[in-house]
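# Chains, contacts and geometry: an overview
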2 protein chains.
Amino acid sequence: MTTIADVARAAGVSTATVSRALSNPDAVSEPRRSQVLQAAKALGYAPNYAAQSLRTTRSQRIILTVPDISNPFFSAVIRGAEEAALAARYSLLIGDTHHDSEREEYYAAMLTRREADGMVFLGHRLAPTMVALVAKQGAEAPIVNGCEFEPGLNVSSVHIANAVAAAEAMQHLYDLGHRRIGVITGPLLSPISRDRLSGVQGAAAGQRLWDEVLVRTGDFSVDSGEALAHELLAEEHPPTALFCFSDEMAIGAIAALRERGLDCPRDVSVVGFDDIRYARAFQPALTTISQPKEAIGRKAVEMLLAILSKKADGLASITLPHELVVRESTAPPAR
Amino acid sequence: MTTIADVARAAGVSTATVSRALSNPDAVSEPRRSQVLQAAKALGYAPNYAAQSLRTTRSQRIILTVPDISNPFFSAVIRGAEEAALAARYSLLIGDTHHDSEREEYYAAMLTRREADGMVFLGHRLAPTMVALVAKQGAEAPIVNGCEFEPGLNVSSVHIANAVAAAEAMQHLYDLGHRRIGVITGPLLSPISRDRLSGVQGAAAGQRLWDEVLVRTGDFSVDSGEALAHELLAEEHPPTALFCFSDEMAIGAIAALRERGLDCPRDVSVVGFDDIRYARAFQPALTTISQPKEAIGRKAVEMLLAILSKKADGLASITLPHELVVRESTAPPAR
DNA sequence: GTGCATAATGTAATCCATTACAAAATATGG
DNA sequence: CCATATTTTGTAATGGATTACATTATGCAC
């Protein structure tokens, strides 16, 4: 491996000059600079990352954990995050936690070892190591929460107004004439589901129809959407519309309808959440709440970078705009 | 930050003993070891990654580049890769290249800076830096190609038998009674598409029906599938079946059918490729070639680890099994 | 108890780039 | 041309762990 010393020797200057020519060109006179650059190129020199990182105590790396990387919702967020990281010359370490707290802790420990300068997590809880960090450093802790917002965690976050969005979805169904609505939530541990459920309650109560709402708790997966839709449709008075807290569950729910010989939207309307890549192409195209996925990722990283460069003041909780996208999976109730 | 010296002081031993107690426990007597471990825990010590990496010249990191992280096909491969990496105490740096060669080079340069020990790339070409590495180190170059297989690159690879798989898909359509078949490929720059096209040609020629095959070149995206399906269906003698080289294009093609008032599979059958997560739930459920996505990721990383530990001998090109999954999107031709 | 093999521990060099501080070179003003 | 300010360059300490080699302790045989 060629080192900075080799370059210095070849260019006939000191290692300090080489270092400066490379990372702080203004501090070096023109003739030297080109001497050095030429020698560096000739030798194929590239700075050793570990040495650089050791000396500067910065890793130029951000760790991003997601509960499930193969969910296109999360991968869109990742895209935005990578964008923002790259623009600031950081690179992104991605950790798939599989919703598993041990893995969450595993990735969090990377902060302690200084493998990364900060962390963006898409989830609803902090691993022990992160709790300790937050306790010690408060708002300076280099941790940002994406998608969810749990005030008790004491970290900055970026998300949409989940309650409002959910209320809008319900209102859309009420406007179409639906009265009895089945709601399939995500795990109620996560604020994302609780907030959306609050929105559902608000909208339903506003219509004096809360007792016509049937709630089931799913886990965001296609399978749970399918199973719980079956349950709801088997009720004595089945709902004429379903609101699912993820597009994946909506897809599962529509599959359940099909299995029961029902048509969406003719017999039952379905609203999803997230507006994943396939929502548009799905048959029927999904009516859903569109989240600004890339923007969430981008913003989360930008907030983290602000914390890292001491430009952030205090905790911030940013709400990005969502949008109800009406497509084919909703229609007025039959008859 | 607590360092190894702090722990040494607290435990009343030398730094060497601390290091050994932590990373090579057998080299230290029992009493010392627990002394050290206790001190380390009490001080909340965690080894500094950069220092460790600098000294050992190993980063314990693998970089994996994908052309599009939000494609669930690739994210499934990523999952498998992360699995295998984690099991070997490596972590995965993921780079989304957006099919862009500058980004490919950007990530490849990380190898030069020793930010990663090796690289798995899901793509069909090598960035200049990687070409240089392969030229210098030959089969020892820590680079593995996943999904594709381009012998000219001189790197090991893991993939399925693309030509065979494509031929099977065609044969399935012939067996159903189709004669005139539209094929929507991916970019022909990539061997993955060329191999599949060869398989198509083989199967068609075997039936003496090659002149009934209509080929269009897409780019694996939903949109290109949709646009090219429209083109094919507007032909004077439109095909009765379409074979798309990705599920995304198949989804696009089915959307095109719908737009033209045609039903899949009643009017036109469609076969996809990859068996992504949504292929099953899609309406109609896609007939497709299932690739062992996680296994490809896992195997690619394992091969890379073998190269890194000098256990690999020469280049290897591993073929994993695929499977034609027949679902609802294919049926005998109308009439 | 002595002598030798083996195990346990310590000392200090090392990995490579950055940067505080010192020294040298150049510019500026009179 | 001298004195001082400014720019450029160099020397050497530094970051934190690992490990070759040297040293000390322990075990075992006689």
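Residues numbered from 1 in each chain as written. Chains lettered and ligands numbered in written order. Predicted model: local features only at pLDDT ≥ 70, side-chain atom pairs only at ≥ 80, totals over all residues. Heavy atoms only, no water.

### Some remarks on the interface of chain A and chain B
To keep it simple, the criterion reads: Two residues qualify as a contact provided that any one of their heavy atoms is within 4.5 Å of a heavy atom in the partner residue. Defined here as a combined quantity, buried area equals the accessible surface (1.4 Å probe) lost by two parts on assembly, summed across both. Salt bridges are defined by distance alone: a side-chain nitrogen of Lys or Arg within 4 Å of a carboxyl oxygen of Asp or Glu.
With 53 residues of chain A at the contact, the number on the chain B side is 53 residues. Overall, the association of chain A and chain B removes approximately 5000 Å² of surface from exposure, summing both partners, and the carbon and sulfur fraction of that is 51%. For the chain A face of the interface with chain B, the top three residues by lost area are Arg-79, Tyr-278 and Gln-283 of chain A, together amounting to 13%. Counting every contact that joins chain A to chain B gives 18 salt bridges. Asp-223 of chain A is the salt-bridge partner of Arg-280 of chain B, the closest N and O atoms lying 3.7 Å from each other.

### Regarding the protein's contact with DNA strand C
What counts, and what does not: In these notes, residues near a molecule or strand are those with any non-hydrogen atom within 4 Å of it. N or O atoms within 3.5 Å of each other form a polar contact, as long as, within protein, one can give a hydrogen and the other can take it, and as long as residues adjacent in sequence are counted only when both atoms are side-chain atoms. In this text, helices come from DSSP runs of H or I with a minimum length of four residues, and strands from runs of E with a minimum of two, each type numbered from the N-terminal end. Gly falls in the polar group here, along with every residue not listed as nonpolar (Ala, Val, Leu, Ile, Met, Phe, Trp, Tyr, Cys, Pro) or charged (Asp, Glu, Lys, Arg).
Taken together, 22 residues surround DNA strand C, and among them Ile-4 and Arg-55 of chain A together with Thr-17, Arg-32 and Arg-55 of chain B come closest. Those atoms of DNA strand C that come within 4 Å of the protein belong to sugar or phosphate at a rate of 59%. At a separation of 3.0 Å, a phosphate oxygen of DNA strand C approaches a polar side-chain atom of Ser-29 of chain B. For the surface near DNA strand C, the secondary-structure elements that each account for two or more residues are helix H2 (15–23) and helix H4 (49–56) of chain A together with helix H2 (15–23) and helix H4 (49–56) of chain B. Looking at side-chain class alone, the surface near DNA strand C contains nine nonpolar, nine polar and four charged residues.

### Digging into the packing of aromatic side chains
Here is the rule we go by: Each Phe, Tyr or Trp ring, with Trp reduced to its six-membered ring, pairs with another whose centre is within 6.5 Å; inter-plane angles below 30 degrees give stacked pairs, above 60 give edge-to-face pairs, and intermediate values give tilted ones. Relative accessibility decides the category of a residue: with a 1.4 Å probe and only protein chains considered, values under 20% of the type maximum give buried, values over 50% give exposed, and everything between is partly exposed. Only when the NZ of Lys or the CZ of Arg is both within 6 Å of the ring centre and within 35 degrees of the ring normal is a charge said to sit over the ring.
Following the criterion strictly, the structure yields ten aromatic pairs over all chains and no others. With a centroid separation of 6.3 Å and an interplanar angle of 25 degrees, the aromatic rings of Phe-243 of chain A and Phe-273 of chain A are classed as stacked. Of this pair, Phe-243 of chain A sits in strand S8 (residues 241–244) while Phe-273 of chain A sits in strand S9 (residues 269–274); the two residues are 30 residues apart in sequence, bridging distant segments of the chain. Residues Phe-73 of chain B and Phe-74 of chain B carry aromatic rings whose centres are separated by 5.3 Å and whose planes lie at 70 degrees to one another, so their mutual orientation is edge-to-face. On the basis of relative accessibility, which here comes to 14%, the residue Phe-74 of chain B falls in the buried class. Above the face of the Phe-273 of chain A ring, Arg-196 of chain A is positioned so that its terminal group lies 3.5 Å from the ring centre.

### Here's the deal with the relation of the copies chain A and chain B
What counts, and what does not: The copies were overlaid by least squares, fitting only the C-alpha atoms of residues that reach a pLDDT of 70 or more in each copy.
Least-squares fitting of chain A to chain B yields an RMSD of 0.0 Å, with the superposition described by an axial translation of 0.0 Å and a rotation of 180 degrees. Accordingly, the operation relating the two chain copies is best matched by a two-fold axis. Comparing contact sets, 100% of the residues at the interface of chain A also lie at the interface in chain B, consistent with an isologous, same-surface contact.

### Things to note about the side chain of Ser-329 of chain A
All names here are of chain A. Topologically, Ser-329 is positioned in the segment after strand S12 (323–325). Taking the relative accessible area as the measure of exposure, Ser-329 reaches 0% and is therefore buried. A distance of 2.6 Å separates the side chain of Ser-329 from the backbone oxygen of Val-270, its partner in a polar contact. For Ser-329, the contacting residues outside a window of four places in its chain are Cys-264, Pro-265, Val-268, Ser-269, Val-270, Pro-284, Ala-285, Leu-286 and Thr-287.

### Remarks on the packing of helix H6 (residues 101–112) of chain A against helix H7 (residues 128–137) of chain A
The description of two packed helices rests on the angle between their axes and on the distance between the axes. Residue and element names in this part refer to chain A. Keep this limit in mind: An axis is simply a line fitted to the C-alpha atoms; with a helix, the fit covers only the stretch in contact. Between two such axes, the angle follows the N-to-C directions and lies from 0 to 180 degrees. Put simply, angles under 35 degrees are roughly parallel, angles over 145 are roughly antiparallel, angles from 65 to 115 are roughly perpendicular, and the rest are oblique.
Between H6 and H7, the least distance of the axes is 7 Å, while the angle of their chain directions is 40 degrees. Considering the angle they form, H6 stands oblique to H7. Facing Glu-105, Ala-108, Ala-109, Leu-111 and Thr-112 of H6, the residues of H7 in contact are Pro-128, Thr-129, Met-130 and Leu-133. The class makeup of the residues in the contact of H6 with H7 is six nonpolar, two polar and one charged.

### Considerations on the packing of helix H5 (residues 72–87) of chain A against helix H6 (residues 101–112) of chain B
We apply this condition: By definition, turning the near helix anticlockwise from the far helix through less than a right angle yields a left-handed crossing, and turning it clockwise yields a right-handed one.
Two numbers describe how H5 of chain A lies on H6 of chain B: the axes approach to 14 Å, and their chain directions differ by 70 degrees. As judged from the angle between their axes, H5 of chain A and H6 of chain B are roughly perpendicular. Viewed along their axes, H5 of chain A and H6 of chain B form a crossing whose handedness is left-handed. Packed against H5 of chain A, whose contacting residues are Glu-82, Glu-83 and Leu-86 of chain A, the element H6 of chain B presents Arg-103, Tyr-106 and Tyr-107 of chain B at the interface. Among the residues forming the contact of H5 of chain A with H6 of chain B, the class breakdown is three nonpolar, no polar and three charged.

### Focus: the protein's contact with DNA strand D
Around DNA strand D sit 25 residues, and of these Thr-17, Arg-32 and Arg-55 of chain A together with Ile-4 and Arg-55 of chain B come closest. For DNA strand D, the backbone portion of the atoms within 4 Å of the protein, that is sugar and phosphate, comes to 58%. Measuring from a base oxygen of DNA strand D, one finds a side-chain N or O atom of Arg-55 of chain A at 2.5 Å. Counting only elements with at least two residues in the surface near DNA strand D, the list comes to H2 and H4 of chain A together with H2 and H4 of chain B. Ranked by the residues each element gives to the surface near DNA strand D, the list is headed by H4 of chain B, at five residues. Counted by class, the surface near DNA strand D contains twelve nonpolar, nine polar and four charged residues.

### Let's talk about the domain arrangement of chain A
Worth spelling out the cut-off: Throughout the structure description, domain borders are defined by an automatic or database domain assignment.
What the domain assignment reports for chain A is domain 1 (4–47), domain 2 (57–159 + 295–320) and domain 3 (162–292). Here the C-alpha centre of domain 2 of chain A lies 36 Å away from the C-alpha centre of domain 1 of chain A.

### Some words on the sheet that holds strand S10 (residues 287–290) of chain A
Residues and elements named next belong to chain A. We count it as follows: Here the rule is simple: two strands pair whenever DSSP picks up at least two bridges between them.
Taken in spatial order, the six strands of this open sheet run S7-S6-S8-S9-S10-S12, and their pairing is mixed. Because the sheet does not close on itself, it has two edges, and the strands there are strand S7 (213–217) and S12. Within this sheet the neighbouring strands show an average axis-to-axis angle of 20 degrees, counted without direction. Direction of pairing for S8 relative to S9: parallel, over a ladder of three bridges. Residue Phe-243 lies in a different strand from S9, and its bridge partner there is Val-271. Across the face of the sheet, helix H10 (residues 222–233) comes into contact with strand S6 (181–185), S7 and S8 while running at roughly 150 degrees to S6.

### Let's talk about unusual backbone geometry
All names here are of chain A. A cis amide bond, omega 10 degrees, links Cys-264 with the succeeding residue Pro-265. Tracing the backbone through its elements, the reader meets Pro-265 in the loop between helix H11 (247–259) and S9. Residue Pro-284 follows Gln-283 across a cis peptide bond; omega there is -5 degrees. Structurally, Pro-284 is set in the loop between S9 and S10. Unusually for a residue other than glycine, Asp-274 sits at a positive phi of about 120 degrees.

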